[in-house]
Structures are given as structure tokens and as C-alpha cells.
Amino acid sequence: MAARTDMRRYAGFGLTTALCLTILYVPLAVIAVYSFNDDRSITNWAGFSLRWYADVFTGPEAPIFRAAAWNSLSIAALASTAATVIALAAAVAMIRGGRFHGRQASYALISLPLMVPEIVTAVATLVFFTAIGVRTGYGTILVAHITFCIPFAYLPIAARMQGIEESYELAARDLYASRWQAFRLILLPLMMPGIISGWLLAFIISLDDFIITNFVKGAGMETLPTAIFGSVKQGIKPNIMAISTLMLMVSVVFVTLSYLANRIGQKTR
Amino acid sequence: MRQAIGIDRVVKRYGAFEALKGVSLSIADNEFFTLLGPSGCGKTTLLRTIAGFEDVTAGEIALYGENIAALPPEKRPVNTVFQQYALFPHMTVRDNVGFGLRMQGVAPAERRARAAEMLELVHLSDFADRLPTQLSGGQQQRVALARALAPRPRVLLLDEPLSALDLKLRQAMRVELKQLQETTGITFVFVTHDQEEALAMSDRIAVMSNGQVQQVGDPRTIYEAPVNRFVADFIGETNVLPVMVDAVADGRARITLPGGHVLTTDAVEGLAPGAHHVSIRPERLSLATADADLTARVERVIYLGTDLQLLARLADGTPIITRLQNSSRNELPAAGAEVGLTVEAGAARLLLD
């Protein structure tokens, strides 16, 4: 490290850093702080209070938020689980499958949702559901979420698997394990940090999605992001800040868990 | 002698590349058999076809008379020690060693006892509860051995198992591996590119190159009677000299060495008079006291402790190396001096190219 130039010596380093941190985190900090504001106004500080948190759970909009939260969490859990299973199967095929026909194409297909503008996917998905005559609602949101969660689950899983030498599975087979036993007893435990990491990432992505959800949700069906958006349209109230802060906390917890899962994984390599 | 492994005209192709070009070998029961060759010669591929990690394109592999070429690895009563050990990182040493037994359905209590027995065999009884990453390279190596031996395989396959160890440990492990083979009575098939390792441990060696077996024999035969230039060159240090074979009769050949000196040596099968090569080991040459077989000009004398190495050239420019014992009796020639060399009787081995 000593041989490298110390970045802090560059002119303007402090200013650039401060600017970036400000743009990234000040808005979040403002939301978090003002969610504890004891005032209807979103700009006047009138002392610390938990009333907006109470409002989220018991206020007039509470039933909407509760239903939306349940939809969001259950869809995120189901979609990330399904996406992780598919991503795991894809990773095994891509990394252990040798050179098969269409391998490059498969990789492109898996990562495609990362590159296609989300609004395009949203419109396309809606058109698709309409074309095949499926009623939009919980099911269509779930299917759409599974689709765009796959690449997010795939990336950490594939990264982890690339670091696992095939000789472990060969050693297991050599010691009389069947293909399935070698997968379940050796490969799967070794991949678990990547799988957990991928699942958590997919969960967060699903929980957070607005654009695609908004297109395919159908009438009367809300997830947290769409419910928040709907509520904000009638003016920003402090309870929105409280609910946003709660979502932020869930995200932070999940990202931390994902990071920890990877860290533990490093040790068992 | 009973045959453990019979390899019959095995061919392995990867697309257009032929890794094994019709290899046939017979490995005896209870033998320490080594596949020796440079990297890319097909020795590891051959081992992997015996283990079942690679299927053969053509040919048969018999294990104690049963053709196993079509069986998956878990159906073959052979176990492998991998080059990088491949110990399961999420399992303790005990669970690693017991894994094969677990897959065979051995009850936990017996599994534990057998694992303990195996760990004792490799002197690692105190490490049963550790994870592989908490062990040194040499210890991991022993765990890999214990794990492969625990299910009592009929044949143990070892894929360059010593290559990741440092020199001292490697030399100690040679002796230990040989002892282990003798105490367990299991047939060992050992792959290495290190000829010294092969000579030190093996009952027999198959020298491979280019997907083919060049020669099979005990270490002494391989070293002292190489059949072709590749074997002579690959095993140890040697001088390959062009000679003229004048006559062949009764298994003996009369040859003319560079410089015109004539001597008689053993002929090899299929030898016809004409231009050939001989291999002469550097330690079978000595400084001539009277009538010299070869005359060379000294370029350099290298001091190696127990030995001295004399680098010289014949009149036609062919380099020739002589190894002399380090003794105060030797009067060393200076660089640039002309010396006469004597070839020990029978030391000039005729080669088929």
C-alpha cells in the first residue's frame, strides 16, 4: 500500500468526497430525521415524536399500508426464492456444464434484464400479460418480479461457484457419493454464502421495485412502493417519511446480512 | 502375479486432440506403479480414466478382471489422492476421512473408529476436530491420504500428491508413502513428472510421452537400459552420442564412437547396422589413464559437493558431461585442456530413436 500514491493528496479530494456523500446521504438523513418530527409540516422541526410511526400502523392509511406491506414482503420472499432456485440451476449449468451449445447466448439471456431499460421491460411485460389474457394482479407481479430478480440472484451465486474447484465434487464422487449426494453434501454447502447473498439481493430488488410493479399490478392491488407513490400524489405527509425510513432500515439490514454471508464464505474457502 | 489393473488399447480424444493414443498397461496386485512423464504426456488423463473422471474414447480398463470403463466414479472401488488434496473445507478432518464410509452406508460408530484408525496411520490423531484450513500443507496431504485409504479401496490413485510440498517434506513423504503402500498392501498408481521421486518409490515405472507408453520397467531397468532417446533423456542426466553400428551378431553390436574408437556393447532388438545413437550416463565415464575411448576438450568444471561435473565437447562439437566423485585422488583438468575419457564396460546403451 505504501508504494501507491495516497489518494488523499490529490487536489479537491476532500471537496469531491464531501459532495458525493452529501448528494447520496443527506436526503436520506433528512427523511430519517424528519420522520421523528412532531409536526404536520415537513420542514418545521417541532421536537422529537414517534407519532408518525404510530400513524403508519394505526392511522387512517394504516389498512392500505398494511396490505401493501404484506404484498411487498410476500412477493419479495416468493420471488427471490424462485429466482434463487432458477439462478442456482443456471449457475450449475453455466459453470459445471462444460462447453455446451448456446452457452454464450444463455449468459446474455440471464443478464439481459440488467441492461434493458426497466420501462421497456415494464411495458413489454404488461403487453405480454394482456396478449395472453391473464388478469393483472398479485400473480402477474410475482411472475414479473421472479424474472427481473434472476440476474441479481445469479451474480453472487455464479461468483461464488467460480471459486469452487470441481475437484471437490470429483473427490466426493470418488468417495462413492452419487451425483446428487455430491451436489447436496459438498457443492451446496460450499455455495451457501453465495446463495444467501443472492437471495437477499433479489429480495431487496423485489421489495424496492416500482416501475414494473406499477405496470402489472392491476387496479386495487398495491405494494409498498406503489402505495407510497399513491399517497405522495396527495401531498407529502410525515407518515410517508416514517414508512420510508422503515423500508430503508429493512434494506440496510438485508444488505448487511448479504455482506456478512459473503464474508463468512471467504473464510470457508 | 495377479493383475490389479489391465489397460487395453485405451484412446482418449478431446475433439481433434488425442491425449491417449492406444495405451496398454498391466499393473500387478500390491504393486507401487508409477506413471512418469513430462506435463501433457497423458499420465494424469490416464489416471482420471481409471478413476472414472474421464470416459475413454476407445479401449478397456479392467479392475481385477472386471471391465470398469463404463462405470461412474462412485461405482469403482478405487480412491484418489488429488494434487491439491480437495479436502472438503466445511467438514472437520474426521468427517473428511469418514466421508467415503458414510457414502458406503457404514454406521456412525464404526465410521468414527475407522477414521480414528486411519488418522493414527498418518500420525494425525490429535487433529480430528480441526478444519482442513487449520492444517499445514503436509498435514492436509496426510488427511487426503487417510480419506482415500479409509474405504479400503482395491487401488489407490495418487495424482502428483507431493508436488505442493517443499523439498524436505517431499523427501520424507516418499519414504512414508512407500511404507504405507507396504503396510496396507493396496496397489498404488502414482503419477509424477519427477523422475527422482519415481525412481525412489516405484516397483515399476511406465514412462509416458505424447499420449503413449515409451517403456515399462523397474527403476533400474528404466535408468540403466532406456530403450529410446526420450526415456534416456527424461530419466536422469545423460550423454546422447551419434555412433555407427558396424556389425550386429549374437545380441552384441560393434560400434564406432565419434573420434573413431571401436567398442562392443549389447544390441537392442530390431537393430540394424548404420547410424544410431548411444546413451552414456555421466557417472559411467571416467578420466582415462591409458587408452581413451573418447577425446574431449574441457570447457568448465562444476563443483557440486559430493560430485564434480566436467563439461566438455568432442572434436565434432557434441557436448559431453562427465560426473566424477569428489576425491583428493582426482587430478582435475583445467578448462581448455584436452582429456581422454573411458566408457565403463556396458555403459554405452544403444537407443532406438
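One numbering rule holds for all chains: residues counted from 1, following each sequence as written. Both sets of labels track the order of writing: A upward for chains, 1 upward for ligands. Given that the model is predicted, a residue must reach a pLDDT of at least 70 before its local features are reported, and side-chain atom pairs must reach 80 or more before they are shown or counted; all residues, however, enter totals for whole chains, interfaces and linings. Side-chain metrics rest on all non-hydrogen atoms present in the structure, leaving aside hydrogens and water.

### Points about the domain arrangement of chain B
All names here are of chain B.
Next up, step 1: Domain assignment breaks chain B into domain 1 (3-229) and domain 2 (238-351).
Next up, step 2: Taking the mean C-alpha position of each, domain 1 and domain 2 sit 39 Å from one another.
Next up, step 3: Taken residue by residue, the interface counts eight residues in domain 1 and nine residues in domain 2.
Next up, step 4: Put simply, buried area is how much 1.4 Å-probe accessible surface two parts lose in total, over both of them, once they are put together. Here domain 1 and domain 2 share an interface that buries about 710 Å² over both sides, 49% of which is from carbon and sulfur atoms.
Next up, step 5: Take a side-chain nitrogen of Lys or Arg and a carboxyl oxygen of Asp or Glu: if they are within 4 Å of each other, that pair is a salt bridge. Linking domain 1 to domain 2 there are one salt bridge.
Next up, step 6: Put simply, Glu 224 and Arg 284 hold a salt bridge, and the shortest N to O gap is 3.5 Å.
Next up, step 7: What qualifies as a polar contact is a pair of N or O atoms within 3.5 Å, subject to a donor-acceptor requirement within protein and to the restriction that residues adjacent in sequence count only when both atoms come from side chains. For the interface between domain 1 and domain 2, the tally reads four residue pairs in polar contact (both at pLDDT 80 or more).
Next up, step 8: The greatest single-element share of the side of domain 1 that touches domain 2, amounting to three residues, is contributed by helix α7 (residues 219-224).
Next up, step 9: Residue polarity is assigned by list, with Asp, Glu, Lys and Arg as charged and Ala, Val, Leu, Ile, Met, Phe, Trp, Tyr, Cys and Pro as nonpolar; anything else, Gly included, falls into the polar class. Of the residues contributing to the side of domain 1 that touches domain 2, the split by class is five nonpolar, one polar and two charged. Either an automatic procedure or a domain database provided the assignment from which the domain bounds are taken. Contacts: residue pairs with any heavy atoms within 4.5 Å of one another. The helix and strand labels rest on DSSP assignments: H or I over at least four residues marks a helix, E over at least two residues marks a strand, and numbering proceeds from the N terminus.

### Some details on the packing of helix α8 (residues 179-208) of chain A against helix α2 (residues 93-103) of chain B
Next up, step 1: Each axis is a line fitted through C-alpha atoms, taken for helices only over the stretch in contact, and angles between the N-to-C directions span 0 to 180 degrees. Contact geometry of α8 of chain A with α2 of chain B gives a least axis separation of 13 Å together with a crossing angle of 150°. As the angle between them shows, α8 of chain A and α2 of chain B are arranged roughly antiparallel. Both α8 of chain A and α2 of chain B take part in a crossing whose hand is right-handed. For the pair α8 of chain A and α2 of chain B, the contacting residues are Gln 181, Leu 185 and Ile 186 of chain A in the first and Phe 99, Arg 102 and Met 103 of chain B in the second. Comment on the angle field: the value is read as roughly parallel under 35 degrees, roughly antiparallel over 145, roughly perpendicular from 65 to 115, and oblique elsewhere. For a crossing to be left-handed, the near helix must be turned anticlockwise from the far one by less than a right angle; the clockwise case is right-handed.

### Thoughts on the pattern of salt bridges
Residue and element names in this part refer to chain B.
Next up, step 1: Within the structure shown, the criterion is met by 28 salt bridges over all chains.
Next up, step 2: Between Arg 13 and Glu 18 there is a salt bridge, with the nearest N and O atoms lying 3.3 Å from each other.
Next up, step 3: When accessible area is computed with a 1.4 Å probe and restricted to protein chains, residues below 20% of their type maximum are described as buried, those above 50% as exposed, and intermediate ones as partly exposed. Here Arg 13 falls in the partly exposed class, since its relative accessible area comes to 41%.
Next up, step 4: With its nearest N and O atoms 3.1 Å apart, the salt bridge here joins Arg 323 to Glu 237. Residue Arg 323 is found in strand β18 (residues 319-325), and its partner Glu 237 is found in the loop between α8 (229-234) and β11 (239-249); the two are separated by 86 residues along the sequence.
Next up, step 5: Classification of Arg 323 by relative accessible area gives partly exposed; the value is 25%.
Next up, step 6: Here the residues in one salt-bridge network are Lys 12, Arg 48, Glu 54 and Asp 55, joined through shared partners.

### Re the sheet that holds strand β5 (residues 66-67) of chain B
All names here are of chain B.
Next up, step 1: A sheet is described by the order of its strands in space; here four strands give the open sequence β2-β1-β4-β5, paired in antiparallel fashion. Looking at strand neighbours, the two that pair on one side only are β2 (17-28) and β5, the edges of this open sheet.
Next up, step 2: Sheet strands in contact with helix α1 (residues 43-51) are β1 (3-14), β2 and β4 (58-63), and its direction is about 65° off that of β2. One requirement defines pairing of two strands: DSSP has to find at least two bridges between them.

### Regarding the nonpolar core
Next up, step 1: Formed by 77 residues in total, the largest nonpolar core has its most connected members in Ile 186 of chain A together with Ile 5, Leu 35, Phe 88, Phe 99 and Val 155 of chain B.
Next up, step 2: Examining the composition of this core, we find that 12 residues originate from one element, helix α6 (residues 138-162) of chain A, more than from any other.
Next up, step 3: Once you skip the residues sitting within four places of it in the chain, Val 155 of chain B turns out to touch Ala 4, Ile 5, Leu 63, Tyr 64, Pro 77, Val 78, Asn 79, Ile 186, Thr 187 and Val 189 of chain B.
Next up, step 4: Side-chain atoms within 4.5 Å are what join buried Ala, Val, Leu, Ile, Met, Phe, Trp, Tyr and Cys residues into a set we call a nonpolar core. Judged by nonpolar contacts, the second largest core, of 34 residues, contains Leu 124, Ala 144, Ala 146 and Met 173 of chain B.

### Some points on the side chain of Thr 45 of chain B
Residues and elements named next belong to chain B.
Next up, step 1: Inspection of the secondary structure assignment puts Thr 45 in helix α1.
Next up, step 2: Overall, Thr 45 belongs to the buried group, its relative accessible area being 14%.
Next up, step 3: Leaving out residues up to four positions away in the same chain, Thr 45 has contacts with Lys 12, Tyr 14, Ala 19 and Leu 20.

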